[in-house]
Each structure stands twice: as structure tokens, then as C-alpha cells.
Protein chains: 4
Amino acid sequence: MFEPETAPRGRIVDGTHVFPVRVYYEDTDAIGIVYYANYLKWAERARTEMLRVLGADHSRVLRETGVAFAVRRCAVEYDVPARLDDDLEVLSRIADIGGASIGFEQVVRRAPGADKDGARPLVRLSLTVFCLNRAGRPVRMPPSVRAVLATVDDTRRQG
Amino acid sequence: MFEPETAPRGRIVDGTHVFPVRVYYEDTDAIGIVYYANYLKWAERARTEMLRVLGADHSRVLRETGVAFAVRRCAVEYDVPARLDDDLEVLSRIADIGGASIGFEQVVRRAPGADKDGARPLVRLSLTVFCLNRAGRPVRMPPSVRAVLATVDDTRRQG
Amino acid sequence: MFEPETAPRGRIVDGTHVFPVRVYYEDTDAIGIVYYANYLKWAERARTEMLRVLGADHSRVLRETGVAFAVRRCAVEYDVPARLDDDLEVLSRIADIGGASIGFEQVVRRAPGADKDGARPLVRLSLTVFCLNRAGRPVRMPPSVRAVLATVDDTRRQG
Amino acid sequence: MFEPETAPRGRIVDGTHVFPVRVYYEDTDAIGIVYYANYLKWAERARTEMLRVLGADHSRVLRETGVAFAVRRCAVEYDVPARLDDDLEVLSRIADIGGASIGFEQVVRRAPGADKDGARPLVRLSLTVFCLNRAGRPVRMPPSVRAVLATVDDTRRQG
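Here is what the cut-offs are and how they apply
- Residues numbered from 1 in each chain as written.
- Chains lettered and ligands numbered in written order.
- Predicted model: local features only at pLDDT ≥ 70, side-chain atom pairs only at ≥ 80, totals over all residues.
- Heavy atoms only, no water.
- Contact = heavy atoms within 4.5 Å.
- Buried area = accessible area lost by both parts, 1.4 Å probe.
- Salt bridge = Lys/Arg side-chain N within 4 Å of Asp/Glu carboxyl O.
- Least-squares fit on C-alpha atoms with pLDDT ≥ 70 in both.
- Polar contact = N/O pair within 3.5 Å; in protein donor to acceptor, adjacent residues only side chain to side chain.
- Pairing = 2+ DSSP bridges.
- Helix = DSSP H or I, 4+ residues; strand = E, 2+ residues; numbered from the N terminus.
- Axes fitted to C-alpha atoms, helices over the stretch in contact; angles between N-to-C directions.

Q: Honestly, the interface of chain A and chain C in this entry has me stumped. Any pointers?
A: If you look at the interface, chain A gives 8 residues, while chain C gives 8 residues. Contact between chain A and chain C buries roughly 800 Å² in total, counting both sides, with carbon and sulfur atoms accounting for 69%. Looking only at chain A, the three residues that lose the most surface to chain C are A:Tyr25, A:Ala30 and A:Tyr35, adding up to 54% of its buried area. The interface formed by chain A and chain C holds 0 salt bridges in total.

Shown next as C-alpha cells:
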């Protein structure tokens, strides 16, 4: 339905999008660890690129369907702090597709090779994103968006 | 035990800390609403000032006890988006004091007078913060910190 | 011409707006000092509140005249780093009013009483802000905005 | 002298480091354009990766020489605003190497192929970065850092 307008970042493997993140000074705080709100920025970058891989760029969806996505709720577990210069990746998968919402499960972990502790998650996020129209009101998901999401719907693939 | 080193912001009324927040361009995004990670910044400012009112400035606690606070988990419900120039307040209360952790309940809402919808929450946060030593390892809460927190411990006050 | 829609922060004394800023974890980095881009956020908050004191809220100006402000250039001198929990203030004055632009001079310094080095500036900013219409094109400054700015135009006051 | 500890991002061509940047919601503001302070974040990411390509990772330099870099001054020209989903690149080159400082010239522009206006710069930055020891005092640049920087010193190459 959609084609990406610019080259997407990251890749989708078995329904999971893998997105690289580097820790820069802007991400850290005076304790020497990544500031807790900044993981949410990385998670949003990863979701954005996952949708772009699928052809559902935010700009294009907004332009073609008048719909934007907004986070309705999120839950975050901070297991191990990331630090300056860390080479990380965000894993994202779609756990649920509702009539007007998408459920994402995301994990931040060290990039393979960089991780002395194997694939241990640093931070785990569980989010519900829903569809808004230009007036900021919840609306049903456009069929064109639903169609591309279904291709990576974890629940359906496992059914 | 502690005295604030600089004048704290906000005030504590009946165990609830009230902290003013203004929405600036830096907080908003291209949809015209506050970016979802930025509420976590405001919530952290409010917790910091609540602790400062109690005399437990981050800098002083770190210097005197070697302990810093870090968020272990948070859950956020985004009910109504805030927008540019909004005049808001963050309400914070301590819901739980553990051996090495503090539970906070926080609400972002429009400042009284600014809110056409009364005291309706925009965003609700539930967080667990725990104590770290300088090496980044979890440690028990210093008695001096526990003592000042107990003065606003909601559970105890209601007991 | 304009009235502030919500209570402005800070105050104007002799043409200079004084705006309080506290340093939070979000502002600092792993070196333990304030990240260099974040002073620009504080400076923008201060300019916004200075305009609000004058009655020229961003939201209102945009709604009533269709004009927004954007930074065209800035020069920043970082003299002394600010640190966690510092109690600061941003001093802002209008140095120049052009047909479509405003020149600001801003200083970040420790709040009086907090500063062991007197009024020594930590960071100095010099900015040119210009007027954009909704299409993002430069336009002349609305007369209503020019009128309120002239009341604190440093050049004119000294003339 | 140094080897990168993790794979650097971007590449150096003829002394100029080219670093890709995508515009996400976190970068934009309610006007629909990138918030002016955020270009400084991208520029710092690019400088960090340029140094990493050269083998001078921040973490390693700090660990091996006790020296960190901090921005002493910057001047920024905002020519054309970037917008959500834009595919950009930051070009960085070292314009000057002093006894305790480095001068950088940086340009943010659209990625080749994405740019309808060719290589027109969106934002131009000119910065001086200097060396600090762990106590936050200016110190001379470690010889090992100077040696790797000299390999891309524009002035020397052109001399």
C-alpha cells in the first residue's frame, strides 16, 4: 500500500524490528547513566522506523489519511543502566492490533558483540499507541495502515 | 536532618507536592502536543523539588550519604495532551517507602484557573525509585533520607 | 494591545527580564555539567516569558496575527559550566528591533545569593529571531508586536 | 594510537566526516520544524563519531588521558528549517587545532537524493571545543589525541 519515502533504518527479522542506538552525551546525566526519559525517545525512533520499513511513514500516513499516532499508555522496566558510548539496539514487535490502537513490546539491549552479558535486556517497554485525527480526536485505524501492520502482527503469525 | 541548600520550588500541602510547569516549544512536537517523554522530565523535576522541600537535595544526599536515586520502573497514562503555553502543575505524593525504594504517584493537570475541565488529570504516573551507591549498585536507603520521607508518607499518615 | 493569557514567569526590571532556572538531571551530562544545547532551551523559555510579560504570548500572537518567531542565528559563549541543583537566572534584553526581526542579548548566571563569584556570567547568548508566517516564510513584524516590544527596546530607551 | 572500541557511525571522505541524521518527533516543535537547540545535539553526535572514526572515543580518551572535551563557543546560522521525517546528514571538518582546543566547522543538509535543492545547507555551525581535566579545568591536548586529529587537519592538508 505504502512505499517508504526515504530509506528506513533498521530491519525486520521474524516480525521483530532491530534498530541501532548509540549513547551520546545528550542522553546521559550527572550520575553517568542514561536519563530515564531518553529511553522513550529511542523507543519512539525505533517504532517510527519500524513503521517506515512497512511503508507507513508518519508524514505519509498523516498526509494520505489525516491520521497521526500518539502514545496512550506505557510501562517501562529499567533493569540495567546504559552509559556513554554504549552501542545498543532497540527490538520492537507489534503485540496487538486493535480497532484504533497498536500494542508494542520493545526491549533496549546491548548490540551483539558489545554485550558481555549476552542478550540481557537493559530496559523493557510496553506501549499502546492510538490513532488521532488532525483535531486530536481518537479515530479508527485507516485500513491501509491496518493492512501493512498485519504483515508483522505477532499474534496472527503465531496463530 | 537536612536543610535545603537553595530555595525549593513548589510546596507541600497535605502530603502532596504541587509544582508549576509551563509548556514551551522544547516540550512540543510537530503534532502540536507535548512529546510523550517530556512528561517524565517534568515528573522528575517535581520529585526533585519535593525532596528538596523535605531537605533531601540530590546533591546533598549524594555528598553526605553517597546515595543517588534512579527510576526502577514507571507506568504512565496519557489521558489528555498538553499544548504550547499551557500552564500546568505536577502533583506528587509518596505512596510507599520500602527498604531501598520509594513509590511515587504523580499527576500532571492544568493549573487552577487555567483548566476549563476542572482538575481533570492530563497524565498520570506511577513510579518506583530506588537507591544506588556511587558504583551504581542498589543499596538500602540512608536513615536520614528515610526520616525526612516519613514526614510525608501517605500510607503512614492515613494509618 | 495584548494581555497575557496566563501569569507570566519572571519580571522585567529596567528593560531586562529576569527568569529563574533550576538545573535538573535532564540538563546534565556524564561529565557532570549542563549539556551545551540545554542552555538554548533555557534561553528560549526566558524569551518566551519576556514576551508574555509584554503581552505577546506565542499562542496569542500566532492566533491573532498568524506570525511565529524562529531563531535565525545565535552565538553562544560558554564561560563557566553550570551543575546539578544550581539555582540560576537568565537575564534577557532586547538589543535590536528590525522590520522582521528581534535581536536578543541573554546571560545565564547564578541567582543572587547562590553565586560565590558575584554576578559572573556562566553563558552568554546573542540571538536574532525573525518572524515567520504559517507557511514558514519570513514576514514583517505585526505592528501590534512591534508596539509592545518598543516598550523595552534598549536602544531606544538609551537614545 | 587509538582504535575505536565499537563500530563508528559515518565515514570520513577527504577530511570531512559525513553522518546521517533522521528527524523524529522528539526533534520537532509545535511550529512543525526542528527545535533550534536540537541541531546542536546532532552536531555533537557527529563530532563524537568523527573522533571515534579516528580512534579517539570520548570514553577511551577520558579513561586513558583523563581529558574530556567541552564546547567553549559556538555560532549557528539557521538558513532553512528541517522537518519531521527528513533524511539529513551532518558534515564535519576540523578547521583548527590549537594547544588546548579544536575548531570544528559543521553543516547540516539534506541527504543526497532527498534534497530537491541540491546541497544547500540548512544549518551551519562553527564551534570551538577545548580540553578539560577531571576537575573541569582547561588543560593542554594530550599528544595522542593531537596525533590522530592531525590526520584530518584541514589546514595542514591544504598547506
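Q: Please explain the relation of the copies chain A and chain D as it appears in this structure.
A: To go from the first copy of the chain to the second, apply a rotation about an axis and then a shift along the same axis. Expressed as a screw transformation, the operator carrying chain A onto chain D has a rotation angle of 180° and an axial translation of 0.0 Å, and the superposed copies differ by an RMSD of 0.0 Å. The superposition of one copy onto the other is thereby described by a two-fold rotation axis. It is A:Val21 whose C-alpha, among those of chain A, lies nearest the rotation axis, at 6.0 Å. A symmetric contact is evident, with 100% of the interface residues of chain A recurring at the interface of chain D.

Q: Would you explain the relation of the copies chain A and chain C in this entry?
A: Aligned on chain C, chain A shows an RMSD of 0.0 Å; the corresponding rotation is 180° and the shift along the axis is 0.0 Å. Same-surface contact between copies: 100% of interface residues of chain A are shared with the interface of chain C.

Q: It is not clear to me how the interface of chain A and chain D should be interpreted in this structure. Could you clarify?
A: When the parts of a complex come together, some accessible area is lost, and that lost area is often used as the size of the interface. Residue-level contacts link 24 residues of chain A with 24 residues of chain D. Summed over both sides, the interface between chain A and chain D buries roughly 2200 Å², with carbon and sulfur atoms accounting for 39% of that surface. Here chain A and chain D share 8 salt bridges between them. In this structure, A:Asp87 engages D:Arg9 in a salt bridge whose closest nitrogen and oxygen atoms are separated by 2.6 Å. At the junction of chain A with chain D, the criterion picks out 12 residue pairs in polar contact (both at pLDDT 80 or more).

Q: What exactly am I supposed to notice about the sheet that holds strand β5 (residues 101-110) of chain D here?
A: By way of backbone hydrogen bonds, the strands of a sheet pair with one another, either parallel or antiparallel. Judged by pairing direction, the sheet is antiparallel, and its 12 strands sit side by side in the order β1(C)-β2(C)-β4(C)-β5(C)-β6(C)-β3(C)-β3(D)-β6(D)-β5(D)-β4(D)-β2(D)-β1(D) without closing on themselves. Both outer strands of the open sheet, β1 (11-13) of chain C together with β1 (11-13) of chain D, are each paired with one neighbouring strand and no more. When the angles between neighbouring strand axes are averaged without regard to direction, this sheet yields 30°. Of the strand pairs in this sheet, β1(C) and strand β2 (residues 16-22) of chain C are connected by 3 bridges, and their pairing is antiparallel. Opposite C:Arg11, over in β2(C), you have C:Val18 as the bridge partner. Of the strands in this sheet, β3 (68-78), β4 (87-97) and β5 (101-110) of chain C are in contact with helix α3 (residues 143-150) of chain C, which crosses β4(C) at around 115°.

Functional significance is not addressed by these values, which are geometric in nature.
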